[in-house]
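Observations on chain architecture
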Amino acid sequence: MATTTHEPPKIEPPRDPVGQDGGGGGWRNLVPADGTMRDVQQYSPPPASLGVWVGMAAITMSFAAFTSALIVRQGASPDWRHFTLPSILYFDTLVLLASSVTLELGRRRVAAFMGGLRSQAAPPAKWLYITLFLGLIFVAGQYVAWLQLKSQGLYLATNPSSSFFYVLTAAHALHVLGGLGGLVRVIRKLGKSVLRRSTLDATSYYWHFMDVLWLYLLLLLWSKM
Amino acid sequence: MHDMSAHAAQHHAPTSFIRKYIFSLDHKVIGKQYYGLALIAVYIGMAISWLMRFHLAWTNARIPGLQWLSSVGAPGGLMTPEYYLELMTMHGTIMVFFVLTTAPFAGFGNFFLPIQVGAEDMPFPRFNMMSFWITFVAFCVLMSAFFVGDGPPLSGWTAYAPLSAVGAIAGPGQGTGQVLWAISIALFCVGQLLGSLNFITTTLDLRTKGMTLMRMPLTVWAWFITSCMGLTAFAVLLPACILLILDHVAGTSFFIASGLVINDKMLPHSGGSTLLWQHLFWFFGHPEVYIAIVPGVGIVSHVLITNMRRPLLSHKVMIGCMGALAFLSYMVYGHHMFVSGMNPFSGLVFSFPTLVITIPATIIVLIWIFSLYGSKLRINSASLFALGFISMFVSGGVSGFFLAQPSLDIYLHATYFVVGHFHMVMAVAALFGIFTGTYFWFPKMTGHMMNESLGKLHFWLTFVGTYAIFMPFHYLGMAGNVRRYQAFVDDYMQPLLGVHKFITIAALLTGAAQLIFLYNLIHSRFRGAPAPPNPWEATSLEWTMPSPPPFDNFGGKHPVVYHDPYQYGIEGSSNDYVMQDSPEQIHTVRDEK
C-alpha cells in the first residue's frame, strides 16, 4: 500500500548578523555615520507582518469614515428609525470569537510543527479547517441576519439606520471573505510545505482584527439602532 | 542570514511579452506603466482644457469636429452650457487623480523607491501589479462616461452633493455618467491603497544594509510620507464613493436632504446630509493636494542638490517639514468649506492650522533658496524645471494666505482667484515636479539621453506660458469673476472678456509647447544618445547600475550603504562626490548626527 509522507514546511533561514551579501536593513538597522559596519543589527521584520498592520490601518480608517458618516447622518435629521438587531448577530459573534480561538490553536500547532517541535509527519491543519468552517458560518449567519431584517420590512433604502446596518455588515463580511481567502492560501501553502511563518502570523493577525472590528461594529449598531 | 530576496522579487525574469510588459510584476515596468497612463491622461486633460478655454473666449463660435465627440453636448460643434460643465468635470478628475497623483507618486515612486533603498522589488509585487491595473480600469471607466447616453457628469471633480447624488433628474451626465465617475474613483482608491501598502512596507522593511532612515534620499522620504497620506486619505474617500453610489442606484439617503424639488419633482429621499459628502470628500481632498505636491518637493530637492553639488542646509529639517505638511493637511480641510454653512467657529478652527501650515512650506522654500545662494548651479532642463517648481510653489502659495482667512474667502470663494491659486500651487507646481523628474531620470529609465536644447525651450515656453495663464486668474477673481460659468454675459463680466481671450491664447500656445516635450520624449526614447550609468554624477543608488537597470536591479547582490545620500563637494576625492555605496572614507563628514 502506497503511503504519502509530507515534508515539514520550509523554515526561514536563521538571520546572520554579520553576512556581507544579504540585504536585511530595515527599520532596526542602525549603522554608525562613519561607515563602520561592525555594529549593524542585521534584522528586518518580514514585510508580511508589517504589511498586515498597514492594511489594518487602512481598514480602520475606512470604518472610522463609515462611523463618522453614521453619526453625522443620524444627527442631520429626525428620520432615524430604531429597530431591534436580528438575534442571529449574537450567535454570529460567538462563532467569530470561537474561530479566533481555533485559529490560534491551529497557528500554535503549525508553528510548533514548523519549528520541528512536533514529531508528526503531516502538518496539523485541522484547526485551520475548523476556522475556515466557522468563518463560512459567520458569513452565512450575516446573510441570515439580512433576511431577518428584510422580513421586518427593513430594506437598504427603507431608513438611514437600515442603510447603515446593511452597509457596515456587508463591508465587514467582505473583509471576512478576504480573510477566508487568506486562510485558504495558508492551508494550500501548508499542504505544499511552502508556508512561511510570517504569512501564517499575518493571516491570524488579520483574522483577530476582524473579530475586534466586528465587536466594535456590533457595539456601534447596538447603540445606534 | 536574513535573505531579503525571500521577501521581495520572488519572481524570476519573465520571458513572455505579456508577463514582461503587460502583467508585469517588476516595479520598474509598473512605474513606467503608471507614467504612461499619466502621459495619456495629461494630454487628454489638456485637450479638454483647450476646448473649455476656447469656449470661454469665443462662446458662440463652433468648434469643428466637436460634434463627433458628443452630438448632444455640442450640436453642430457649438458647445452647450451643460457640456462645458461636463468637460470641466472630466478635466479636473483626470488631472487630479490620473496625472497629479499617478505620475509623481505612483510612476516615479514605483520605479525608483525600491532602487533608492537598495531593494530588488516591492514586497508584494502582485499587489503592485493589481494596483496599476485597477487604476487603469478606473481610468477606462471614467473615460467610458464620454460614451454613455447622457455623457459625463457635470458636478465638478469635487462632485458636491446633492447634485452628484440625485441622478439623471439633475441634468445630463448626472445619471450613468455620475455613477461611472463614482465607480472610477472608488477603484482608483483601491489601486492607490494597494500601492501605498507596498511603498510603506518597502521603505520600512526592505532597506539594504546601511540604509538608515536618515540616509534615505529625500525622494524616498517624500514618497513614504505621501504613501502614509494616501493610505489614510483614500481609505476615507472609498467609503464616501460607496455611499454616493448607493444613493444613486439603491435609493438610499445619505447625502440627499428631504423635500428636495428638482425640475418640479419632489424627490423621494429624506433627511440626508449634503455637508456629509463635503466633510468626507475634503478629508481626502486636502491631503490629496499634498499627495500631489510632496513627491515634487522630494524630486526637486534631489535634483537641485545634484546640480548644486552640495546638500541642502538641513536634511532633517526638510524631512520634518514634509512630515509637518502631511500631518497638518488633515487639520485644514475645512477651509474648503468656509461658505458651506458650517458653524462660523469651525471656520476659525480650520483657519488657524491653514495659516500654520504655511510655516513648514515657507521653511522648505527658504531651505531651497539659501541652499541655492552662492552655489554654482548646473543649468539643465531638470534644474530649470526644479527652479520653476519653486517659483510656482511660492506664487501659488502666497494667494493661499488670502484664502485661508474666512472673511476674505467669503468674497473670493468660487471665483477665478481660487482657480488660479490651486492651478499654480497644486497643478502646475506638481507638473513642474513631474517634468523635473522626467528630465532627470529619463536616462535611467530608458537608457537614452533627452535632448537638452528642446528641454530648455520647453521649460521657458511652459514657464512663461503658465504665468500668462494663471496669474490673470487672480485678477479675474478679485474682479468678481465667478468660476464654472460657461459664458460671461453679465454686465460686470463683459469687460473681463479681453482677459479671458488673452488667457485662452496663452493656454493654446502653452499647450502646444507640450508637444515639444512629447516629441522630445518619443524621439529621445528611440534616437537619443545612449545614457551612461551616471550622467549627472549623482550619488544615490539608482546611479550605481546600468541605464536602464537590469531586471533584478543590483544583479542579485545587495548594495551596502556607507554614506548619507548627498555627499557632494568632497575635497580630496577622485570626483567631487562620493556615492552612497562607496566604501571610500570621507574626511569632511556631512552625516547629520
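The structure presented is a predicted model; accordingly, all values stated were derived computationally and were not measured.

1. A short note on the environment of B:Asp409
Within the secondary structure layout, B:Asp409 lies in helix H13 (residues 406–412). With 22 residues separating them in the primary sequence, B:Asp409 and B:Leu387 have C-alpha atoms 30 Å apart.

2. Re the packing of helix H1 (residues 47–76) of chain A against helix H8 (residues 274–308) of chain B
A packed helix pair is summarised by two numbers, namely the angle formed by the two axes and the spacing between the axes. Where H1(A) meets H8(B), the axes come as close as 10 Å, and the angle between the chain directions of the two elements is 160°. In terms of orientation, H1(A) and H8(B) fall into the roughly antiparallel class. Considering only the axes of H1(A) and H8(B), their crossing is right-handed. Between H1(A), through A:Ala65, A:Ala69, A:Val72, A:Arg73 and A:Ala76, and H8(B), the contact on the second element is made entirely by B:Leu276, B:His279 and B:Leu280.

3. Digging into the confidence of the model for chain B
All names here are of chain B. Taken as a whole, chain B shows an average pLDDT of 91; of its residues, 96% reach a score of 70 or greater. Scored below 50 in pLDDT, residues 1–9 shows 35 contacts in the model against residues more than four places distant or in partner chains. For the stretch residues 589–593, pLDDT sits under 50, and the model shows eleven contacts to residues farther than four places along the chain or on other chains. Across the interfaces of the predicted complex, the ipTM metric reaches 0.90, alongside a pTM of 0.90.

4. Here we look at the environment of A:Thr203
Residue and element names in this part refer to chain A. With respect to the secondary-structure elements, Thr 203 resides in helix H5 (residues 197–224). Taking the C-alpha atoms as reference points, Thr 203 and Ala 58, 145 residues apart in sequence, are found 16 Å from one another. Dropping the residues within four chain positions of it, Thr 203 is found in contact with Gly 182, Leu 183 and Val 186.

5. Focus: the packing of helix H7 (residues 218–249) of chain B against H8(B)
Residue and element names in this part refer to chain B. Their axes nearest at 8 Å, the elements H7 and H8 cross at an angle of 165°. One element, H7, and the other, H8, form an angle in the roughly antiparallel class. The two elements H7 and H8 meet at a crossing, and its hand is left-handed. Partitioned by chemical class, the residues of the contact of H7 with H8 number 23 nonpolar, six polar and one charged.

Reading the values: rules and limits
- Residues numbered from 1 in each chain as written.
- Chains lettered and ligands numbered in written order.
- Predicted model: local features only at pLDDT ≥ 70, side-chain atom pairs only at ≥ 80, totals over all residues.
- Helix = DSSP H or I, 4+ residues; strand = E, 2+ residues; numbered from the N terminus.
- Axes fitted to C-alpha atoms, helices over the stretch in contact; angles between N-to-C directions.
- Parallel < 35°, antiparallel > 145°, perpendicular 65-115°, else oblique.
- Left-handed = near helix turned anticlockwise from the far one by under 90°.
- Contact = placed C-beta atoms within 7 Å.
- pLDDT = per-residue confidence, 0-100.
- Nonpolar A, V, L, I, M, F, W, Y, C, P; charged D, E, K, R; others polar.

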